[in-house]
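Report on the structure
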Amino acid sequence: MAPFSRFYRAMVLKMNQHEDEATTSGITDGAADEQNRVIFINRPQPQKFVNNRISTAKYSLPSFVPLFLFEQFRRYSNCFFLLIALLQQIPDVSPTGRWTTLTPLVLILTVSAIKEIVEDYKRHRADEETNRRKVEVLSEGRWRSIRWEKLQVGDICKITNNQFFPADLVLLASSEPQSIAFIETSNLDGETNLKTRQAHPDTARLENISEMAEFRATLQCEPPNRHLYEFNGMLKEANAKTIPLGLEQMLQRGAMLRNTTWVLAAVVYTGHETKLMKNSTKAPLKRSSIDRQTNTHILMLFIILIVLSLISAAFNELWLLRRTNTDWYIALEEAQNANFGFNFLTFLILYNNLIPISLQVTAEIVRFFQAKFIAMDSEMYHAETDTPAMARTSNLNEELGMVRYVFSDKTGTLTCNIMDFHKCSIGEIIYNKPGPNERLEDTLLYHNLKEHPTAPDIAEFLTMLAVCHTVIPEVVDGKINYHAASPDERALVMGAAGFGWVFETRTPHSVTVMAQGKRLHYSVLHVLAFTSARKRMSVIARAPNGEIKLFCKGADSVIYPRLAGGAQTAQYAAATLEHLSHFAAEGLRTLVFATADIPEHVYKDWSNTYHKASIAIQDREQKIEEAALLIENNLRLLGATAIEDKLQDGVPETIASLLKANINVWVLTGDKQETAINIAHSARLIHTAMPLLLLNEDSLDGTRESLSRHCTELGENLRKQNEVALVIDGKTLKYAMGCDLKKDFIDLCVSCKVVVCCRVSPIQKAEVVDMVSRATGAVTLAIGDGANDVAMIQRASVGIGISGVEGLQAVCASDYSIAQFRFLLRLLLVHGAWNYSRISKLILYSFYKNICLYVIELWFAIYSAWSGQILFERWTIGFYNVIFTALPPFAIGLFDKICSPEIMIRHPVLYVPSQQGLLFNVRVFWVWAVNALLHSVLLFWLPMLLASHHVLWPNGKDGGYLVLGNLVYTYVVATVCLKAGLATHSWTWVTHVSIWGSIALWIIFIVVYSNLYPAILIGAVMRGMDRMVFTSLVFWFALLLIPAATLIPDLLITVVHNSAFKTMTEAVRESEIKKRDPAALLAHPRHSLTETARLLQNVRSVFGRRSTTRANMELELSHGFAFSQEEGASVSQADVIRAYDTSQPRGRC
């Protein structure tokens, strides 16, 4: 012990050189009185506050009509059709009747309204589940159970263990010693460790209902705000001094009471004024990228339509000028009741169907059923919780196929919120925890305890696990339940119990451990708490034999330098370090354990020194740290533990596939940096060879300098993706998101393959998502399970809620909900890619078929004196989209597949074409439009040529323009239906029914419609049309010839393209059809090995220059160090354990 004593005396002499200085401090009130909220406790309120009802829905009853109409008429197509419908009401202007546009427009709006009502009703129903939860409120001297939505500011409520807080409350009393309460805030900030709250001693006496009923006080606090970690107020009881209130008394909505039988609290903020809801944003009206692109195309077509109408009206004027005098016998002067403007409106109405009015209703119906397919997918059904996937909106189905960035929460999204003791290293030997069916006597550790040379170290290691912690045991029905502020500590204590060292009892000054049938009592002398700066925790305890032991656990970077004999030569050091690397490679959280024997006289001297440091007025924290350094030295290494922060099933594989699909995955969490990085390693988001950029700055200037340095180091690789991970904390993020640094920050972010944001607030999550969306223009997806994720879920292009253990608020605010993170892969790679392809084709095909038919009216105008005369019967024009070409878009939109789901998931690279928008863009749209224009030329002039030589019937008679119109109409229907088949990847029986059935429907319609008049007074001009058309052999000959002649060029182009210029998707589809493995096609790397090696080497050289502090941090992270513990708590962990005596019964209210 001589080296320890000499070291100790030297350090004491050094510390004594510094004299304590007394200082005074003052407190200033930062808020003006008029801004403060005044609340009367147990009395009527002086003013009306908002109720506690919350809503995450898009619409309310009064807002539905204006918001819905705004959403619908943001689409240019609906504005256009409303204009046409109004123009058609002008007498003698419309060549197609007064109701042919208004009727389908009303139908479209009705269908859309019904869909929006159904989808928003689900949100209202989920909100009702939250609003109708029950809470006990003090009323007329007794506890009465009311709904959350009925809770009011100033009410006193009672919350019991494992209940969520219904509003923002101020703690008045609790069942625990010293009125301590434990809360879990993972729903707010993602941290899994419990936080302590403590009622003020002056209100802690209010433990029974009679005292609480008589309690009268005035509470004054700051107005509602979104700052989760700030609260200031004061409580003034009648005839008593004013009590200060702070964050240590605040119980926030969304948090949960843990390890505490009950608490009594007063309501200060309710409903949308709570801090949780202040961090949420209003439910936005989201639109898909394809919708916005379609809007642009419609605008372009509208301009073209106006040009065509102007040209047609101009040609009409020219024709009349030339023919009025010469062709006097047809009374053209009388026909000139229309001027140029009148003709323009006529042609505008005639050509309006170039923009497909049926597109919106077809797309809405298709999206609705696509959403049903998502909900019906058994592969995304979670049997354990009986939870299927759910599409809460169908407007964004295709957006799922275009995601470039995924922003994920950590706690409850990637992880299960369960810490599990996995294995440990003791004396250079790794021991796994006993299996579920394995007896302790059969384990290696049990045998080594009997006869191995390291048996004393094993016993001391397990003793340390059972003693060095702040866990509180509770015996319930003869079984010990462990309550801990730190989930890591609970896992360690349960791990020791699994090996036979059972922690039984805690009193204010001792702990009792049952070890191998012996009950051991350890007196706890001091607890040196864990902090992120210390990265270690120590307990000084007196063993049953009277010896004083120091038990110290923490990161290897702080334990190893304190080992006796040095980190290199200490016993077990090298092997334990290898084991740490091995544990970290498996994604486990590690802690190193060491001990020291403290002589009695050394402990007494140190205890005096520590007491002086703890009562110092100036630099208290620094002096306490220096005092701790005196005792935490000359340690003897025992071993290390490995705890698994359980990931959800399939998380690593899902993330690996998302990365292969060229999707960037960012983790945004309120948890600690070490924990977040550890999870990123476990989830295979970060690998051991990947350099880390750590941004932990405390000032704007420091953030600016750090960002500038990293951007400069990247050089020409800036704004190009590199094999680098960026880790930034919330404080630095606040500076980096400032106006002058935002550009540099986003440049650095997009240069990194992985970004992890730690200690971020809910609103910061939303701001990061918004920043990336605006800066890159990419489709973003946010996924989370807690109320702290609502803001980013609403801000992202697509929001995914996980039906987790943290309530339903994330699900309520989401666009889609799934039960597990792994289902995201199928949602994106299968349903997303399929829906993008289907909707793209549906929109392109809808424009194609309308251009095909309605441009023919332009060609016919050449022969009809530009009069606006229609070639087709008016009801057949209306039924074209509603009946005769309605089925192929549905077949494409619902049943077309690029590849099978198994191939899509096995080869994530197939997601890239949809992600990059290759199937629907300006070029593709106008290729289809020009294709339709060429088809319309062939479909009009080929029948025109056939009919021009009087060969339709053997007698040489003509049937008039309407016969020609029905011939052309038939060939158009046949051609566009066959074109749908040509564009379809996956032919099913539905495809066959839609194509051949549509053609058959037109034939049947001619037969029926030609024989209605005069029995029914409609369609007089179609009387006998079936006999005229079907008796013509030319008609039947052309029915085979014209569609084939029209589509043969398309077929040839498709064959050549798929043979000589096939895309990867087409090659994989071909391999699947031929039942070959497409893996060989996808095995080619995107970069050569040498190029990849050069880039990686460049990246490593750039980030190879590290400071000592950063090198230590990276060493800790590479060895898997992570530990969850609340810092700066209102009640220190030492005080918490001193307050408990588990041998006594707990409080009751």
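Being a predicted model, the structure only gives us computed values, none of them experimental.

With respect to topology, three strands assemble into an open sheet ordered E7-E6-E12, the strand pairing being antiparallel. Pairing within the sheet leaves two strands with one partner each, and these edge strands are strand E7 (194-198) and strand E12 (256-258). When the angles between neighbouring strand axes are averaged without regard to direction, this sheet yields 45°.

Atomic detail in the predicted coordinates should be set aside for any region of low pLDDT. Residues at a pLDDT of 70 or more form 90% of the protein chain, whose mean pLDDT is 84. The element-level mean pLDDT for the protein chain is lowest in helix H39 (residues 1089-1102), coming to 39, with strand E15 (residues 403-408) highest at 96. For the stretch residues 1-34, pLDDT sits under 50, and the model shows 38 contacts to residues farther than four places along the chain or on other chains. Below pLDDT 50 for its whole length, residues 1085-1108 participates in 23 contacts with residues either more than four positions away or in separate chains.

Counting 155 residues, the largest nonpolar core has Leu781, Ile800, Leu824 and Leu828 as the members making the most contacts within it. Sort the elements by how many residues they give to this core and helix H27 (residues 823-854) lands first, with 21 residues. Apart from the residues within four sequence positions on either side, Ile800 is in contact with Leu400, Leu781, Ala782, Ile783, Gly784, Ile793, Ser814, Tyr816, Ile818, Leu824 and Leu827.

In this section: the side chain of Ser538. Mapped onto the elements, Ser538 comes out in strand E23 (residues 536-542). Looking at Ser538, the relative accessible area reads 0%, which means it is buried. Among all residues touching Ser538, those that are not within four sequence positions of it are Cys468, His526, Val527, Leu528, Leu550, Phe551, Cys552 and Glu632.

Covalent bonding between the sulfur atoms of two cysteines is what defines a disulfide. With the rule as written, the count across this model stands at zero disulfides. This cysteine, Cys468, is not joined by any disulfide, and Cys552 carries the nearest cysteine sulfur, 7.3 Å off.

It is worth spelling out a nonpolar patch on the surface at this point. Together, Tyr76, Leu299, Met300, Ile303, Val307, Ile311, Phe315, Leu318 and Leu321 make up an exposed nonpolar region whose accessible area comes to about 820 Å². Top contributing element to the nonpolar patch by residue count: helix H8 (residues 289-323), with eight residues.

This part takes up the packing of aromatic side chains. In total, this model carries 40 aromatic pairs according to the counting rule given. Relative to Phe503, the ring of Tyr482 has its centre 6.1 Å away and its plane inclined at 15°; by these criteria the two rings are stacked. In this pair, Tyr482 is assigned in strand E19 (residues 479-483) and Phe503 in strand E20 (residues 501-507), connecting sequence segments 21 residues apart. Both residues of the pair, Tyr482 and Phe503, count as buried. Ring centres 5.5 Å apart and planes at 45° place the aromatic pair Trp859 and Trp941 in the tilted group. Of the two residues, Trp859 is situated in helix H28 (residues 856-861) and Trp941 in helix H33 (residues 922-947); the sequence distance between them amounts to 82 residues. The class for Trp859 is buried, based on a relative accessible area of 15%. Using a relative accessible area of 25% as the deciding quantity, one classes Trp941 as partly exposed. Three or more aromatic residues joined by ring pairs make a cluster, and in this case those are Tyr854, Phe872, Trp875, Phe879, Tyr880, Phe884, Tyr969, Trp1002, Phe1005 and Tyr1009. Sitting above the plane of the Tyr848 ring, Lys979 keeps its charged end 5.7 Å from the centroid. Between Lys979 and the ring centre of Trp928, over which it is positioned, the NZ or CZ distance is 5.1 Å.

Attention now goes to the pattern of salt bridges. Under the definition given, this model contains 49 salt bridges. Among the salt bridges present, the one from Glu460 reaches Lys549, with a minimum N-O distance of 2.8 Å. In this pair, Glu460 sits in helix H13 (residues 455-467) while Lys549 sits in strand E24 (residues 548-554), placing the two residues 89 residues apart along the sequence. Take Glu460 and Lys549: they sit in the same class, and that class is buried. The residue Glu489 makes a salt bridge to Lys553 at a minimum N-O spacing of 3.0 Å. Of this pair, Glu489 sits in helix H14 (residues 487-498) while Lys553 sits in strand E24, placing them 64 residues apart in sequence. Connected through salt bridges with shared partners, the residues Arg53, Glu128, Arg132, Arg147 and Glu149 form a single ionic network.

As for its position among the elements, Gln794 is in helix H25 (residues 790-795). Gln794 gets classed as buried once you look at its relative accessible area, which sits at 5%. When the C-alpha positions of Gln794 and Thr56 are compared, they lie 9.9 Å apart, and in sequence the two are 738 residues distant.

Helix length check: helix H37 (residues 1033-1060) (28 residues) gives 40 Å between terminal C-alpha atoms against 40 Å at 1.5 Å per residue, within 8%. Of all bends in H37, the biggest is about 35°, found at Leu1047, and the proline Pro1049 comes one to four residues later. Of all the residues in H37, the buried ones are Val1034, Phe1035, Ala1038, Leu1039, Ile1042, Pro1043, Thr1046, Leu1047 and Asp1050. For H37, the secondary structure elements touched by its buried residues are H33, helix H34 (961-983) and helix H36 (1025-1030). The backbone nitrogen of Val1034 lies 3.4 Å from a side-chain oxygen of the residue at the head of H37, namely Ser1032.

Viewed as axis vectors pointing N to C, H27 and helix H29 (residues 874-884) meet at an angle of 165°, and their least axial separation amounts to 11 Å. With respect to their mutual orientation, H27 and H29 come out roughly antiparallel. Between H27 and H29 the crossing geometry is right-handed. Counted together, Lys849, Asn850, Leu853 and Tyr854 of H27 and Ile877, Tyr880 and Asn881 of H29 form the full contact between these two elements. Partitioning the contact of H27 with H29 into residue classes produces four nonpolar, two polar and one charged.

What counts and how
- Counting from 1, residues in each chain are numbered in the order their sequence is written.
- For a predicted model such as this one, the threshold for reporting local features is a pLDDT of at least 70, and the threshold for listing and counting side-chain atom pairs is 80 or more; totals across whole chains, interfaces and linings nevertheless cover every residue.
- Only hydrogens and water are removed before side-chain values are computed, so all heavy atoms of the structure are retained for them.
- Any two strands are treated as partners once DSSP identifies two or more bridges connecting them.
- Secondary structure elements follow DSSP: runs of H or I of four or more residues count as helices, runs of E of two or more count as strands, with numbering from the N terminus.
- Orientation is described by lines fitted to C-alpha atoms, with helices fitted over the stretch in contact, and by angles between N-to-C directions that extend from 0 to 180 degrees.
- Every residue gets a pLDDT, meaning the predictor's confidence in that residue, from 0 to 100.
- Here a residue-residue contact requires only that any non-hydrogen atoms of the pair lie within 4.5 Å.
- The criterion is simple. A nonpolar core is a set of buried Ala, Val, Leu, Ile, Met, Phe, Trp, Tyr and Cys residues joined through side-chain atoms within 4.5 Å.
- We call a residue buried when its accessible area falls under 20% of the maximum for its residue type, exposed when it is over 50%, and partly exposed in between, using a 1.4 Å probe and counting protein chains only.
- Put simply, a disulfide is two cysteine sulfurs that come within 2.5 Å.
- For patches, a residue must show more than 30% relative accessible area and have no salt bridge; joins then use 9 Å for like charges and 5 Å for nonpolar side chains, namely Val, Leu, Ile, Met, Phe, Trp and Tyr.
- Exposure was quantified through the Shrake-Rupley algorithm and a 1.4 Å probe, taking into account, for residues, occlusion by the shown protein chains and nothing else.
- A side-chain nitrogen of Lys or Arg and a carboxyl oxygen of Asp or Glu constitute a salt bridge if their distance falls within 4 Å.
- Within 6.5 Å between ring centres, the rings of Phe, Tyr and Trp (the latter by its six-membered ring) count as paired, and their orientation is classed by plane angle as stacked under 30 degrees, edge-to-face over 60, tilted in between.
- Charge-over-ring contacts are defined here by two conditions on Lys NZ or Arg CZ: a distance within 6 Å of the ring centre and an angle within 35 degrees of the ring normal.
- Helix span is expected to be 1.5 Å times the residue number reduced by one.
- By definition, a residue's bend is the angle between the axes fitted to the seven residues ending there and the seven starting there.
- Any pair of nitrogen or oxygen atoms within 3.5 Å is treated as a polar contact; in protein, a donor-acceptor pairing is required on top of that, and neighbouring residues in sequence qualify only through side-chain atoms on both sides.
- Here the angle decides the label: under 35 degrees means roughly parallel, over 145 means roughly antiparallel, 65 to 115 means roughly perpendicular, and every other value means oblique.
- We call a crossing left-handed when the near helix sits turned anticlockwise from the far one by less than a right angle, and right-handed when that turn is clockwise.
- Gly is placed with the polar residues, together with every amino acid not listed as nonpolar (Ala, Val, Leu, Ile, Met, Phe, Trp, Tyr, Cys and Pro) or charged (Asp, Glu, Lys and Arg).

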